[in-house]
Amino acid sequence: MDKKRSRIDKKTINRRTFLKGLGLIPLIPLLPACQQATKELLSSESDFFSMISPINRTINDHSVFSGDDFSRPHHILWDKKSYIESIGGLTKPIRKEELVIIGGGMSGLMSAYLLRDKKPVILEQASRFGGNAKGEAWKGLQYSIGAAYLIKPEQDSGLYKLLKDLGIINDWTLKRGGEGNVVINGKLIENFWSGNSEPNHKATYKRLYDYFMSFITEDGNTFPEYPTQDATLRRYINKLDQEDFKSHLERMAGTALPSHLTTLLEHYCYSSFGGSSKEISAAAGINFFAAEFSDIAVFPGGNSHIAEALLKHLYRALPNNHLLPGSLVFDVKKEQNGVLVSYLDANNQVKSILADKVIMSCPKFVAEKLIDQMPAAKLAAIAELEYRAYVVANLLINRPIIESDYDLYWLGSGNADINKVAAYAKKRGITDIINANYSSPDSEKTVLSFYQAFPYNGGRAELYSQDAYADMKTRISAQLKNEVYPYYQLTEQEIQSLRLTRWGHPLPLAAVGLLDRGIVDTLSAPIDDSIYFIEQDNWALPAIETVAAEAIYWSSLIR
């Protein structure tokens, strides 16, 4: 989503009607097929499905990063011309299909599900589907290694209908939003928004709390929900997009933000956007942060639970050779009779498919490598995007931890240095902790998920270095022992293992001006009614809501 949270339709917004209406188009005609897909898989099917599922239940190697595997695509895509020459040019297509989807993350899976009657082929470069909505399991306890929760959708929303259609609407556990507990100097600060940690600034805390709540209660402020097709709402959002999040809040508060509040907002922006509150658009900042004051829905294994449900239905609905993991697409070329998609399959064999239409559900910086015929305006728009990285550390603990908080922000001393973001982020380390047991309490064990963002340019390169895994494990282990073990009264003997997940490019930076200058409109525009773009990058907003809205909107047009 985008990191660990995902956003769903709010009561206050016009786009709720948009999602509600379009959500019915692809779902109603196909309900019988969906119901058929809910049957249990046969044993032979289950064995194969377990190998491609977004949830890995057979972890053996804990000594390397899970998540991104960049070596194969970098080798080919960053010098595509030489690679194509080395294989003697593009091959003739082995098959003709109505629809090919490039990318099997949440956007690709949702698009395929909504268009499953067209029997799409999904090409996913990883061995498992799900993108950064993947999960793992330890002794039956599922936990997220990427996107972990969402805001509770309303019952008349398109996304609610989708989750219900998948048969998982009752699988979530709800967490009341807006409670605002944090940890400062190793101590729990309850009811953060009361201002008790900085009593001289209680008026500022209350002013901003009321401001955020006004978006939820419909009291004077319209929720800046996007993507949107509503012209009036878009003008309002564009105005917010002209200002950075921190400056906007200071203007609303009428004063500089106090230290602890600044630190919370900074850590939140690191964790959710991969950027500083001084970089993030006020439109995006309010869109995300205000939503946290409503109820949160947590599935077992986070959003990997949704991804697995989508894949299970597709596995039953599509022909055997239409779900193709391990398939690295390296060229997409529009031809007179269709779109030629060339890829390297799981056995490193070069193959091509001719498609009537193609959906690009991959990051835009990858899409520009694949499509040589990319319009100049779209290339210029892609150049405006920045991508940020983060690491998820899952601590497996051989005893239960009674924890009422789901997501606990870890603010250190409460004095973030917002003028030296890279240095501060490296020194601070983890920004927040998720209780992975929240939706599935266990009487014998616990998994805690820790997030560390790299909210600055160059962070991805640090994660791709040869020593990145050893360095991250050393740094995170030290912080856990110094800060987290004492807080939870953990001993070394109670720790089973520490698993690290690297995400190098899941967060398109929601920077100031991308909406107002129309960059996002150019990013999402299709090419000649044959190549479509459905992905969170369309709006530079890393959330499952972005994915759902784009999938619903564009799939209705493709249909």
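In what follows, the accompanying structure is described. All values derive from a computational prediction rather than experimental measurement. (Residues numbered from 1 in each chain as written. Predicted model: local features only at pLDDT ≥ 70, side-chain atom pairs only at ≥ 80, totals over all residues. Heavy atoms only, no water.)

## Quick word on the sheet that holds strand E6 (residues 141-144)
- The strand order across the open sheet formed by three strands is E1-E5-E6, and the pairing between neighbours is mixed. In this open sheet, the two edge strands, each paired with only one partner strand, are strand E1 (55-56) and E6.
- Where strand E5 (residues 135-138) and E6 come together, four bridges link them in antiparallel fashion. Looking at E6, one finds that Trp-138 is bridged to Leu-141. (Pairing = 2+ DSSP bridges. Helix = DSSP H or I, 4+ residues; strand = E, 2+ residues; numbered from the N terminus.)

## Notes on the pairing of strand E20 (residues 495-508)
- Burial runs high along E20: twelve of the 14 residues are buried.
- With two bridges connecting them, strand E2 (residues 66-67) and E20 associate as parallel partners. Each bridged residue has a counterpart across the sheet, and for Gly-67 the counterpart in E20 is Arg-502.
- Sheet analysis places strand E16 (residues 387-397) next to E20, joined by ten bridges and oriented antiparallel. Each bridged residue has a counterpart across the sheet, and for Val-392 the counterpart in E20 is Thr-501. (Buried < 20%, exposed > 50% of the residue type's maximum accessible area, 1.4 Å probe, protein only.)

## What to know about the packing of aromatic side chains
- This model, assessed by the stated rule, comprises 37 aromatic pairs.
- Centroid distance Phe-215 to Phe-223: 6.5 Å. Interplanar angle 90 degrees. Geometry classified as edge-to-face.
- Residue Phe-215 is classed as buried on the basis of its relative accessible area of 1%.
- On the accessibility criterion, Phe-223 (0% relative accessible area) is buried.
- Between Lys-378 and the ring centre of Phe-533, over which it is positioned, the NZ or CZ distance is 4.3 Å.
- Over the ring of Phe-365 we find Arg-460, and its NZ or CZ is 5.4 Å from the ring centre. (Phe/Tyr/Trp six-rings, centres within 6.5 Å; stacked < 30°, edge-to-face > 60°. Lys NZ or Arg CZ within 6 Å of the ring centre and 35° of its normal.)

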